[in-house]
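# Understanding the architecture of this molecule
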Amino acid sequence: MKKKALAVAVATALTAPMAAQAVSTNWYGHLNRAIQFVDDGNNTDINFIDVTSYSSRMGWTGTADAGNGLTVGGKAEFDFRSNTVYGQGINAVDAGEAGFRLRHADIWFSGNFGKLSLGQGGDATDGVAYATHNSAWEGSELSHDWGISAFRDGNGNSSGLTAYSFSTSFDGGRRDRIRYDTPSFGPVTAHISAGTNSRVDASVRLSSDMGGGSLLARVGYAHAGGAAGVTAGANHTETVSGSVSYKFSQGTHIDFMYGERDGGANPDPNTFYVGLGHAWGNNSVIVDYMEGNDVTAGCTGDRIGVGMAHNLPSGAATLYAGYHNYGADCTAAVLAGLGTGALEDISEFHVGARVHFD
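Conventions adopted
- Residues numbered from 1 in each chain as written.
- Predicted model: local features only at pLDDT ≥ 70, side-chain atom pairs only at ≥ 80, totals over all residues.
- Heavy atoms only, no water.
- Helix = DSSP H or I, 4+ residues; strand = E, 2+ residues; numbered from the N terminus.
- Buried < 20%, exposed > 50% of the residue type's maximum accessible area, 1.4 Å probe, protein only.
- Contact = heavy atoms within 4.5 Å.
- Areas by Shrake-Rupley, 256 points an atom, 1.4 Å probe, with all protein chains shown as cover.
- Patch = residues over 30% accessible without salt bridge, like charges linked within 9 Å, V, L, I, M, F, W, Y side chains within 5 Å.
- Salt bridge = Lys/Arg side-chain N within 4 Å of Asp/Glu carboxyl O.
- Lys, Arg positive; Asp, Glu negative; His and termini not counted.
- Charge placed at Lys NZ, Arg CZ, Asp CG, Glu CD.
- Pairing = 2+ DSSP bridges.
- pLDDT = per-residue confidence, 0-100.
- Disulfide = S-S within 2.5 Å.
- Polar contact = N/O pair within 3.5 Å; in protein donor to acceptor, adjacent residues only side chain to side chain.
- Phe/Tyr/Trp six-rings, centres within 6.5 Å; stacked < 30°, edge-to-face > 60°.
- Lys NZ or Arg CZ within 6 Å of the ring centre and 35° of its normal.
- Core = buried A, V, L, I, M, F, W, Y, C linked by side-chain atoms within 4.5 Å.

With that out of the way, let us pick up the overall build of the protein. Scanning the protein for helices and strands turns up two helices and 17 strands. The 358 residues of the protein split such that 42% are buried. Taking the intrachain contacts of the protein between residues at least 6 apart in sequence as the baseline, contacts between residues at least 24 apart amount to 60%. Total accessible area on the protein stands at roughly 17,300 Å², and carbon and sulfur atoms take up 61% of it.

As structure tokens, this is what we get:
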């Protein structure tokens, strides 16, 4: 018995390191901080913030060869925002430490059949609105990260509405789901996922060289059914969103996005985005425009932006800057309900840096 126990112990000691070596692991992350100068038409302020759409974070990935062409993998990722941009505006109080927040807790199996994922991660429409060659996106991009101040009228009365209230990309997101990604069929892949609330997402994505340049295109559909038996109302939505980007060989690119949603508390919102950018060497710039209609019923919001970025030669950091002007136009009935007159534009300028590691 003792000899058998010794043999088992020796075998375990010999095989454990081999098993560990069979797993390929990688730690990665970045810190992203910025200074923002805001003018809401009545007051000005300066904020020191973490950039929420690409928040400071760290993560771990691991993959292992399971044999017979099968690869097993996992990903865990957390972000740690301090003074998140979402919580800041004119005369905001320093939000301080925000702690950790789970972003990914995902496992997957991949092979010739494609990839099957289970856990907290991107659904099948996550990223369909973001087909872009934009290298200056931290200065200006589709997100409304920089429009965090509430719109006010000429008398200083706050509407309580921010840029988020007027426009959205209708993109997918991260959630607990099961997801399947097909193998590539030439330049095309397809994706489908299912999650809680009878949610089903599907998308098709294309990446191809064309006419001497590069073409990216994505389109997705999402259905959320709500509770059992619910076929209408706030819990039942159907969303379509898509984007396309073409980059010419000399570095200029054009981006376009459109999305709309049927159902929900507000049945017919839509939004679109267009951007024109250029990259050369370690530098990139973009000018863009975004408009949302009836994301808040009875209101139209728009945004004009310009952004620029510079990657340090070491590749360890990106420096960026951007400017945005946000406008909001609501019906008299909506303004009366908000207790305001016509809303003033909001302007903001920001500079920041992202230091990344892996």
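Picking up where we left off.
Moving on, we get to a negative patch on the surface. On the surface, Glu-238, Asp-262, Asp-268 and Asp-294 cluster together to form a negatively charged patch. Along the chain, Asp-262 turns up in strand β12 (residues 252–263).

Both strand β1 (residues 23–39) and strand β3 (residues 57–67) contribute to a ladder of eight bridges, which runs antiparallel. In the strand pairing of β3, Thr-25 is matched with Gly-62. With 10 bridges joining them, β3 and strand β4 (residues 70–82) adopt antiparallel strand pairing. Each bridged residue has a counterpart across the sheet, and for Met-58 the counterpart in β4 is Phe-78.

Per-residue confidence for the protein averages 86 on the pLDDT scale, and 85% of its residues sit at or above 70. Mean pLDDT across the elements of the protein ranges from a minimum in helix α1 (residues 2–21), with 44, to a maximum in strand β8 (residues 188–195), with 98. Confidence drops under a pLDDT of 50 for residues 5–21, and excluding neighbours within four residues, the segment shows zero contacts in the predicted structure.

Under the definition given, this model contains one disulfide. Note that Cys-299 is cross-linked by a disulfide to Cys-330, the S-S spacing being 2.2 Å. Residues Cys-299 and Cys-330 are joined by a disulfide whose S-S torsion is about 110°; by sign, that bridge is right-handed. Residue Cys-299 is located in strand β15 (residues 299–311), and its partner Cys-330 is located in strand β16 (residues 317–330); the two are separated by 31 residues in the primary sequence. Side by side, Cys-299 and Cys-330 carry an identical accessibility label, which is buried.

It is worth spelling out the environment of Ala-333 at this point. Relative to the helices and strands, Ala-333 resides in helix α2 (residues 332–338). Of the residues examined, Ala-333 reaches a relative accessible area of 62% and is grouped as exposed. Remark: the alpha-carbon pair of Ala-333 and Gly-298, spanning 35 residues in sequence, is separated by 8.2 Å.

One can find His-324 in strand β16. The class for His-324 is buried, based on a relative accessible area of 1%. A distance of 2.6 Å separates the side chain of His-324 from the side chain of Glu-348, its partner in a polar contact.

It is worth spelling out the packing of aromatic side chains at this point. Enumeration according to the criterion identifies four aromatic pairs in this entry. On the numbers, 5.4 Å between centres and 85° between planes, the contact of Phe-151 with Phe-166 is edge-to-face. Note that Phe-151 is positioned in the loop between β6 (114–122) and β7 (174–181) and Phe-166 in the loop between β6 and β7, a separation of 15 residues in sequence. For the pair formed by Phe-151 and Phe-166, the shared burial category is buried. Its end group placed over the ring of Trp-108, Lys-115 keeps NZ or CZ at 4.4 Å from the ring centre.

Turning to the nonpolar core, a few remarks are in order. Ranked by internal contacts, the top residues of the largest apolar core, which has 13 residues, are Phe-151, Phe-166, Cys-330 and Leu-343. Counting only elements with at least two residues in this core, the list comes to β16 and α2. Of all the elements, β16 adds the most residues to this core, at three residues. One finds Ala-34, Ala-129, Ala-309 and Tyr-320 within the second-largest nonpolar core, a separate group that totals 11 residues.

We now examine the pairing of strand β14 (residues 283–293). For strand β13 (residues 270–280) and β14, the ladder comprises 11 bridges, and the chain directions are antiparallel. Bridging across to β14, Val-274 finds its partner in Tyr-289. Linkage of β13 to β14, two consecutive antiparallel strands, is achieved through a turn of two residues, within which Gly-281 is found at a positive phi near 55°. Bridge analysis of β14 against β15 gives 11 bridges, and the strand direction is antiparallel. The residue bridging Glu-291 from the neighbouring strand is Asp-302, located in β15.

Attention shifts here to unusual backbone geometry. If you check the backbone angles, Asn-68 has positive phi at about 55° while not being a glycine. Inspection of the secondary structure puts Asn-68 in the loop between β3 and β4. By relative accessible area, which is 88% here, Asn-68 ends up exposed.

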